[in-house]
Amino acid sequence: MNIGVNVQLAPFDMAYGYDDLLAERTDVGAVVSFTGLVRDFNESPEVTGLTLEHYPGMTERTLEDIGEQAWQRWSLQGVRIIHRIGYMAPGDPIVRVSVASAHRRDAFEACDFIMDYLKTQAPFWKKEHAQQGDYWVKERDTDQYDALRW
C-alpha cells in the first residue's frame with residue numbers, strides 16, 4: 001500500500017503529495033485532491049482563528065486506518081493525508097487529502113470517503129477563537145450523516 005500520513009504544526013504546500021503519488025508511475029489516470037481551509041462562519045460569532053489539538057500517535061494511526069479502508073474499497077495507487085494542528089487563521093489550510101487511481105471515479109469516491117471518515121473518526125479537537133471569546137466546537141450531525149452513507 002502506498003499511503004502517507006502527516007500531522008504537523010507547519011503550513012503545507014497546496015501541491016503536497018502530488019509529485020509523490022506520480023513518482024515513477026504510468027498507471028495513474030486520475031489524482032483527486034481536497035483541501036480544507038479555516039473559515040469564518042456567518043452563522044456564528046466572527047472567527048478570528050482556531051486551534052486544533054490531537055492525540056499524538058493515535059491520530060496518525062487513525063488516519064492510516066482510514067486510508068487503508070479506502071484502499072480496500074477502491075482500486076487505488078496512492079493516498080496522501082496531511083492535517084495541521086496548532087493555531088491557524090482564517091484562510092489557512094487545515095487538511096489536504098490526495099488520492100491517485102487509474103480511474104477518476106475511484107479517486108473521487110475514495111477522497112470523499114476519507115474526508116467523511118476523517119471528520120467523524122480522527123481524534124482532533126477544535127477550539128474556535130472569536131471576538132466574543134473562545135469555545136470548543138461540537139461535532140455536527142451532518143458529519144455523522146455523511147459518514148453513514150458509506
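Provided above is the structure to which this section pertains.
So, a few notes on the structure that sits alongside this text.

Conventions adopted
- Residues numbered from 1 in each chain as written.
- Predicted model: local features only at pLDDT ≥ 70, side-chain atom pairs only at ≥ 80, totals over all residues.
- Heavy atoms only, no water.
- Helix = DSSP H or I, 4+ residues; strand = E, 2+ residues; numbered from the N terminus.
- Buried < 20%, exposed > 50% of the residue type's maximum accessible area, 1.4 Å probe, protein only.
- Contact = heavy atoms within 4.5 Å.
- Pairing = 2+ DSSP bridges.
- Axes fitted to C-alpha atoms, helices over the stretch in contact; angles between N-to-C directions.
- 1 Å grid on protein atoms, 1.4 Å probe; cavity = no way out; pocket = protein on both sides within 12 Å on 5 of 7 lines; lining within 4 Å.
- Points joined across faces, edges and corners; volume = space filled by probe spheres on them.
- Nonpolar A, V, L, I, M, F, W, Y, C, P; charged D, E, K, R; others polar.
- Left-handed = near helix turned anticlockwise from the far one by under 90°.
- Polar contact = N/O pair within 3.5 Å; in protein donor to acceptor, adjacent residues only side chain to side chain.

### Some remarks on the side chain of Thr62
So, point 1. Inspection of the secondary structure puts Thr62 in helix 2 (residues 58-73).
So, point 2. You can call Thr62 buried: its relative accessible area is 15%.
So, point 3. Residue contacts for Thr62: discarding those within four places in its chain leaves Gln121, Ala122 and Pro123.

### Details of the sheet that holds strand 2 (residues 30-37)
Backbone hydrogen bonds are what pair the strands of a sheet, in a parallel or an antiparallel way.
So, point 1. Sheet architecture is open: four strands sit in the order 1-4-6-2, paired in mixed fashion. Both edges of this open sheet fall to strand 1 (3-8) and strand 2, since each of them pairs with a single strand only. With direction set aside, neighbouring strand axes in the sheet form an average angle of 5 degrees.
So, point 2. With six bridges joining them, strand 1 and strand 4 (residues 78-84) adopt parallel strand pairing. Residue pairing for strand 4: Gly4 is matched across the bridge by Arg80.
So, point 3. Across the sheet, helix 2 lies against strand 1 and strand 4, angled at about 150 degrees from strand 1, the strand it touches most.
So, point 4. Running at roughly 145 degrees to strand 6 (residues 93-101), helix 3 (residues 104-121) makes contact with strand 2, strand 4 and strand 6 of the sheet.

### Here we look at the layout of surface pockets
So, point 1. Taken as a whole, the largest pocket encloses approximately 1100 Å³ of empty space.
So, point 2. What lines the largest pocket is a set of 36 residues, and nearest its centre among them are Lys119, Lys126, Val137, Arg140 and Asp143.
So, point 3. The element best represented in the lining of the largest pocket is helix 3, accounting for eight residues.
So, point 4. Of the residues in the lining of the largest pocket, the class split is 18 nonpolar, six polar and 12 charged.

### Comments concerning the sheet that holds strand 7 (residues 124-130)
So, point 1. Taken together, the four strands give an open sheet; going across it, the order is 5-3-7-8, and neighbouring strands pair in antiparallel fashion. Each having just a single partner strand, strand 5 (86-88) and strand 8 (133-136) make up the two edges of the open sheet. Pairs of neighbouring strands in the sheet enclose a mean axial angle of 20 degrees, with direction left out of account.
So, point 2. Across four bridges, strand 7 lies against strand 8 in antiparallel orientation. Pairing of Ala130 across the sheet is with Gly133, part of strand 8.

### Focus on the packing of helix 2 against helix 3
So, point 1. At their nearest, the axes of helix 2 and helix 3 sit 10 Å apart, and the two run at 145 degrees to each other. As for how helix 2 packs across helix 3, the hand of that crossing is right-handed. Counted together, Thr62, Leu63, Ile66, Gln69, Ala70 and Arg73 of helix 2 and Ala110, Phe113, Ile114, Tyr117, Leu118 and Gln121 of helix 3 form the full contact between these two elements.
So, point 2. Tallied by class, the residues present in the contact of helix 2 with helix 3 amount to eight nonpolar, three polar and one charged.

### What about the environment of Gln8?
So, point 1. Residue placement: Gln8 occurs in strand 1.
So, point 2. Between the C-alpha atoms of Gln8 and Ile82, which are 74 residues apart in sequence, the distance is 7.7 Å.
So, point 3. Excluding residues that lie within four positions of it along the chain, Gln8 makes contacts with Ile82, His83, Arg84 and Ile85.
So, point 4. A polar contact is formed between the side chain of Gln8 and the backbone oxygen of Ala10, at a distance of 3.0 Å.

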